[in-house]
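Architecture and fold: a report
Listed below are the residues making up each chain.
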Amino acid sequence: IGAGVDVAEALCLSFRAIEGERLLTKLCELARRVHGIEHDCTKITMSYLKRMKERVVITQDDGKPFIALRYENDGDVCIVKDPTVDDETESKISASSILAFLGTPVVCEGLQQL
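The structure reproduced in this document is the subject of the present report. (Residues numbered from 1 in each chain as written. Predicted model: local features only at pLDDT ≥ 70, side-chain atom pairs only at ≥ 80, totals over all residues. Heavy atoms only, no water.)

1. Quick look at the sheet that holds strand β4 (residues 90-94)
Read from one edge to the other, the open sheet built from five strands follows the order β4-β3-β2-β1-β5, with strand pairing classed as antiparallel. Edge positions in the sheet fall to β4 and β5 (98-100), since each of these pairs with one other strand and no more. Recorded for the sheet is a direction-independent mean angle of 50° between the axes of neighbouring strands. As paired strands, strand β1 (residues 56-59) and β5 are joined by three bridges and run antiparallel to one another. Bridged to Val57 within β5 is Ala100. (Pairing = 2+ DSSP bridges. Helix = DSSP H or I, 4+ residues; strand = E, 2+ residues; numbered from the N terminus. Axes fitted to C-alpha atoms, helices over the stretch in contact; angles between N-to-C directions.)

2. Digging into the pattern of salt bridges
Opposite charge on two side chains permits pairing when their charged atoms draw close. Here the structure, examined in full by the defined rule, presents eight salt bridges. With a closest N to O distance of 2.7 Å, Arg16 and Glu19 form a salt bridge. A residue is classified by how much of its surface remains accessible, and Glu19, at 36% relative accessible area, is partly exposed. Among the ionic pairs, Lys92 bridges to Glu72, the shortest N-O distance being 4.0 Å. Of this pair, Lys92 sits in strand β4 while Glu72 sits in strand β2 (residues 65-72); the two residues are 20 residues apart in sequence, bridging distant segments of the chain. With a relative accessible area of 63%, Lys92 lands in the exposed category. Residues participating in the shared-partner salt-bridge network are Arg70, Glu72, Glu90 and Lys92. (Salt bridge = Lys/Arg side-chain N within 4 Å of Asp/Glu carboxyl O. Buried < 20%, exposed > 50% of the residue type's maximum accessible area, 1.4 Å probe, protein only.)

3. Considering a nonpolar patch on the surface
On the surface, Leu13, Phe15, Phe101 and Leu102 cluster together into a nonpolar patch covering about 460 Å² of accessible area. On the secondary structure map, Leu13 appears in helix α1 (residues 2-13). (Patch = residues over 30% accessible without salt bridge, like charges linked within 9 Å, V, L, I, M, F, W, Y side chains within 5 Å. Areas by Shrake-Rupley, 256 points an atom, 1.4 Å probe, with all protein chains shown as cover.)

4. Here we look at the environment of Thr84
By the secondary structure assignment, Thr84 is in the loop between β3 (77-81) and β4. Exposure remark for Thr84: the relative accessible area of 65% places this residue in the exposed category. On a C-alpha basis, the gap between Thr84 and Phe66 in space is 8.8 Å, while along the polypeptide they are 18 residues apart. Within the local environment of Thr84, its side chain forms a polar contact with the side chain of Asp82, the two groups lying 2.7 Å apart. (Polar contact = N/O pair within 3.5 Å; in protein donor to acceptor, adjacent residues only side chain to side chain.)

5. Looking at helix α2 (residues 17-35)
Relative to the 27 Å expected for 19 residues at 1.5 Å per residue, α2 spans 26 Å between its end C-alpha atoms, a close match to the ideal helical length. Buried within α2 are the following residues: Ala17, Gly20, Glu21, Leu24, Leu27, Cys28 and Ala31. Along α2, the residues classed as buried sweep out an arc of 125° about the axis, all on the same side. Opposite the packed face of α2, turned more than 90 degrees from it, sit the exposed residues Arg22, Lys26, Arg33 and Val34. Buried residues belonging to α2 abut α1 and α3 (40-53). Note on α2: the residue one or two positions beyond its end, Gly36, has a positive phi of about 95°. (Expected span 1.5 Å × (residues − 1). Arc of directions from axis to C-beta. Contact = heavy atoms within 4.5 Å.)

6. Focus on unusual backbone geometry
Even without a glycine there, the phi angle at Asn73 is positive, about 55°. Within the secondary structure, Asn73 is located in the loop between β2 and β3. Residue Asn73 is classed as exposed on the basis of its relative accessible area of 53%. Despite not being glycine, Asp74 shows a phi value in the positive range, around 55°. Mapped onto the elements, Asp74 comes out in the loop between β2 and β3. Given the relative accessible area of 83%, Asp74 is considered exposed.

Shown next as structure tokens:
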């Protein structure tokens, strides 16, 4: 299980975060069945999965990190949460002013002539 966690992290660092997340999901289920919910191996695996599921974006102007929750207005606005604040307050940021952080999956669309 530990080696699988290492592989999942390597996948994330290789810009293959979705595959890493899928592997960690399977490893979490396996660790729970084999070791139980209170075992250190299970807790570590679940911690990695939680971290990998966070979709982090940074602002272009000051580089402040946020957790991306969803897009609205046909992708023009990103709803984010400040990871340094414990409350569930959501903010809106223009999608054109953020950058996806390493491991955050993105959807690329082709250029279209107008």
